Amino acid sequence: MALGAVAEPPVRRRGSDYAQLSRRISQAGLLDRRPGWYVTRIVLTLGAFAAGWVAVFLLGDSWWQLPLAALMAVATTQVAFLGHDAGHRQMFRRRGPSELVGLLAGNVAVGISYGWWVDKHNRHHANPNHEDEDPDVGAGALVWTPEQALETRGFGRWMAQRQAYFFFPMLLLEGLSLHMASIRAIVGREDGKYAVPMRHRAVEAALLVAHTAAYVALLLAVMSPVKALLFAVVHQALWGLYMGCAFAPNHKGMPMPTAEDELDFLRKQVLTSRNVRGSRLVDTTLGGLNYQIEHHLFPNMPRANLRRAQPIVRAYCVEQGIPYAETGLVESYRQALGHLHEVGRPLRG
């Protein structure tokens, strides 16, 4: 979708539009760290996560492990949200403590590479929804533009025609995909160099090995191989589904800028993002990602401040004549699926 018809022509101002908004946010104290909130969140989240694994151990060789695996998928996703916040330095200003929490949440608890995720996610934030720059909209199992769809062949073309119908089932494989991408990022090389920059490659590799060994050992120690396999399938599938459902409403179906679109930082972030309305329960369920516009404008803003920042950002966008997308959760999925279906139209024609 071209952005020329959406964004108003740039107007020269004494200061940038983003700088004016940033001053308002800063004056409201919304960029200040929230240590008390994060200490409580970390204790509750990691406490529930640890309690879940204790329950797995105590329950033993029982088919009730499968419902418990579903609950552990929820707990695992909540831990992953902590890793997301650490990656954006929402908890601490200094790199060291942020990386420590990120490695513990990502590599140790969840089993994905924190360094790989930070590199990938930073590139997404720099150019959201940009086909050539954002790794989240590159052609793969799904395609995001008609041009990508037309380049598919064989089974990929068949899938592209029907991808909207397969979107949620495919998310069941997202957990496995994240684990595999982490391994490739750590060992993958191009032209004699590692393909993904990573500050603590050896540490991350060791932590991922330790996570995998502990995960497999615990499951096999307390239940039969069949139950252990089924537990892992349910846990990893539902974790991937939950993660995908948390991230899908944010940008899918929103405008996709190209090199021809000259957008300043404010418009690039706002026009490509979508907020999801809801209560504080929605805030918790989606890890604060329902305030995607505010998060993209101020990535290091503590999650607890996003709700308070929203009316300031929304009012400022109204002042500047910038469209501010906000919808309900179900409608956000409808829009995302509608976009996926529309992308495959050239192949169905």
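Parameters and conventions
Throughout, a residue's number is its position along its own chain's written sequence, starting from 1. With pLDDT at 70 or above as the cut-off, local features in this predicted model cover only qualifying residues; side-chain atom pairs require 80 or more to be listed or tallied, and sums for whole chains, interfaces and linings still use all residues. Heavy atoms from the whole structure form the basis of all side-chain values; hydrogens and water molecules are not counted. The distinction between a cavity and a pocket rests on a 1 Å grid over the protein atoms alone: a 1.4 Å probe fits inside a cavity but cannot get out, while a pocket stays open yet meets protein on both sides within 12 Å along at least five of seven lines, and a residue with an atom within 4 Å of a point counts as lining. Grid points are joined across faces, edges and corners, and a volume is the space filled by probe spheres set on the points. Three categories are distinguished: nonpolar for Ala, Val, Leu, Ile, Met, Phe, Trp, Tyr, Cys and Pro, charged for Asp, Glu, Lys and Arg, and polar for the others, with Gly belonging to the last. pLDDT runs from 0 to 100 and stands for how confident the predictor is about each residue. When checking whether two residues touch, look at their non-hydrogen atoms; a contact exists if any pair is within 4.5 Å. Strands here mean DSSP runs of E at least two residues long; helices mean DSSP runs of H or I at least four residues long; both are numbered from the N terminus. Each nonpolar core is a collection of buried residues, namely Ala, Val, Leu, Ile, Met, Phe, Trp, Tyr and Cys, held together in the definition by side-chain atoms within 4.5 Å. When a residue's accessible area, from a 1.4 Å probe over protein chains only, is under 20% of the maximum for its type it is buried; when over 50% it is exposed; and in between it is partly exposed.

Trainee: Where do I start with empty space enclosed by the protein in this structure?
Mentor: Space left empty within the atom packing is revealed by a probe, the size of a water molecule, rolled over the atoms. A complete count under the given rule lists one cavity of 30 Å³ or more for this structure. Surrounding the largest cavity, 13 residues form its lining, Ala80, Gly83, His84, Ile112 and Trp117 being those nearest its centre. Here the residues of the lining of the largest cavity are counted per class, giving nine nonpolar, four polar and no charged.

Trainee: When you look at the confidence of the model for the chain in this model, what are you seeing that I'm missing?
Mentor: Close inspection of predicted coordinates is inappropriate for parts of the model with low pLDDT. Averaged over all residues, the pLDDT of the chain is 92; the fraction at 70 or higher stands at 96%. Contacts of residues 1-15 to residues separated by more than four positions or lying in other chains number 18 contacts, the stretch itself having pLDDT below 50.

Trainee: Explain the layout of surface pockets here, please?
Mentor: Its volume calculated, the largest pocket comes out at about 1100 Å³. In this structure, the largest pocket is lined by 37 residues; those nearest its centre are Lys120, Asp136, Glu174, Ser177 and Leu178. Elements with a contribution of two residues or more to the lining of the largest pocket: helix 5 (114-126), helix 7 (154-171), helix 8 (174-187), helix 10 (225-247) and helix 13 (292-297). Its residues placed into classes, the lining of the largest pocket shows 20 nonpolar, 11 polar and six charged. Empty space within the second largest pocket amounts to approximately 500 Å³. Lining the second largest pocket are 22 residues, with Gly111, Leu176, His179, Ile183 and Thr212 sitting closest to its centre. Among the elements that line the lining of the second largest pocket, the one with the most residues is helix 8, at eight residues. Among the residues making up the lining of the second largest pocket, the classes are represented as 15 nonpolar, seven polar and no charged.

Trainee: Hey, could you run me through the nonpolar core in this one?
Mentor: Nonpolar side chains tend toward joint burial in soluble globular proteins. Trp53, Val56, Trp116, Leu219 and Phe231 are the most contacted members of the largest nonpolar core, which has 35 residues in total. Sorting the residues of this core by element identifies helix 2 (35-59), helix 3 (65-87), helix 4 (95-110), helix 5, helix 8, helix 9 (201-222) and helix 10 as the ones contributing at least two each. Broken down by element, the residue count for this core peaks at seven residues, all from helix 3. Ignoring any residue separated from it by four or fewer positions in sequence, one finds Leu219 in contact with Trp53, Val56, Ala228, Phe231 and Ala232. Core analysis: the next-biggest nonpolar cluster, separate from the first, contains 18 residues, Ile25, Tyr291, Leu306 and Tyr324 among them.

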